[in-house]
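# Fold and geometry: a report
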Amino acid sequence: MTHLPEKLLDGYRNFMSGQFQAQTDRYKQLAREGQSPETLVIACCDSRAAPETIFDSGPGELFVVRNVANLVPPYAPDGEFHATSAALEFAVQALKVKNIVVMGHGRCGGIKAALDTEAAPLSPGDFIGRWMSLLSPATEAVVNNTMMTPVERQTSLERISIRYSLANLRTFPCVKILEDKGRLTLYGAWFDISTGELWVMNKETGDFERPEAL
Ligand SMILES: [Zn+2]
């Protein structure tokens, strides 16, 4: 009997003899000096869209918060349990990151659930339903659009949700103030799992484009 899945133990052994071995000094330095990542990535929990993998990042480079459908709730200092807001607060106020990237992705299960208005809750708590209700105004606009195919609705809402999260980020006073001072920059990106394509949001138009350099 093992106390951790074998696949994870095998992976860990590979990590220790590979990555950790190769970057021992870097890990030691990070332990000694603490972390100072320049970028916060807000990404989905989806196992196929891991920011560290997609951006080929080493230890200490990315501060990552992942939640269902990479949503940022609006600023709400109401005494409730705000996991994403806590991570955001720490990244901006304590780590003083320079960049925040909201990264959505194709075939997002959270977005699919939001568009599937007929589906029953997965559990009595309906945590996903409640969480995805953050996007309700956008969802309602897309879900009722019969001119679009289901795939078009899905991709549209995935991208609208990124713009929506960026707007919510700016409701946090610390984000707004630092962005206005030019000390913090916000970005949007969308990753296509099947092709590996990364689409980047044009800050002026809000459209998603393939960067020319790729
Ligand atoms: Zn997702």
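The structure presented is a predicted model; accordingly, all values stated were derived computationally and were not measured. (Residues numbered from 1 in each chain as written. Predicted model: local features only at pLDDT ≥ 70, side-chain atom pairs only at ≥ 80, totals over all residues.)

### Describing the pairing of strand β3 (residues 99-105)
As a reminder of what qualifies: Here a residue counts as buried when 20 or more other C-beta atoms fall within 10 Å of its C-beta, as exposed when 12 or fewer do, and as partly exposed in between; the C-beta atoms come from the backbone. Numbering of helices and strands starts at the N terminus; helices are DSSP runs of H or I of at least 4 residues and strands are runs of E of at least 2. Any two strands between which DSSP finds at least two bridges are classified as paired.
Along β3, six of the seven residues are buried, which leaves the element largely enclosed by surrounding structure. Summarising the sheet, strand β1 (residues 39-44) and β3 pair through five bridges and their orientation is parallel. Each bridged residue has a counterpart across the sheet, and for Ile42 the counterpart in β3 is Val102.

### Some points on the sheet that holds strand β5 (residues 198-201)
Strand order in this open sheet of six strands is β2-β1-β3-β4-β5-β6, and the pairing throughout is mixed. Only two strands of the sheet have a single partner each, and these edge strands are β2 (62-67) and β6 (208-209).

### Quick look at the UniProt feature "binding site: Zn(2+)" (unreviewed entry) in the protein chain
Heads up, the condition is: UniProt positions are given in the numbering used here, feature names are shortened, and annotations may be inferred rather than shown by experiment. Each residue is represented by a C-beta atom placed from its backbone, and any two residues with such atoms within 7 Å are regarded as in contact.
Sites flagged by UniProt as "binding site: Zn(2+)" (unreviewed entry) map to Cys44, Asp46, His105 and Cys108. Across 65 residues, the annotated set stays spatially compact, with a maximum C-alpha separation of 8.7 Å. For Asp46, the position within the fold is in the loop between β1 and α4 (51-54). If we skip the residues at most four places from it in the chain, Asp46 touches His105, Cys108 and Gly109. The topology assignment puts Cys108 in the loop between β3 and α6 (109-115).

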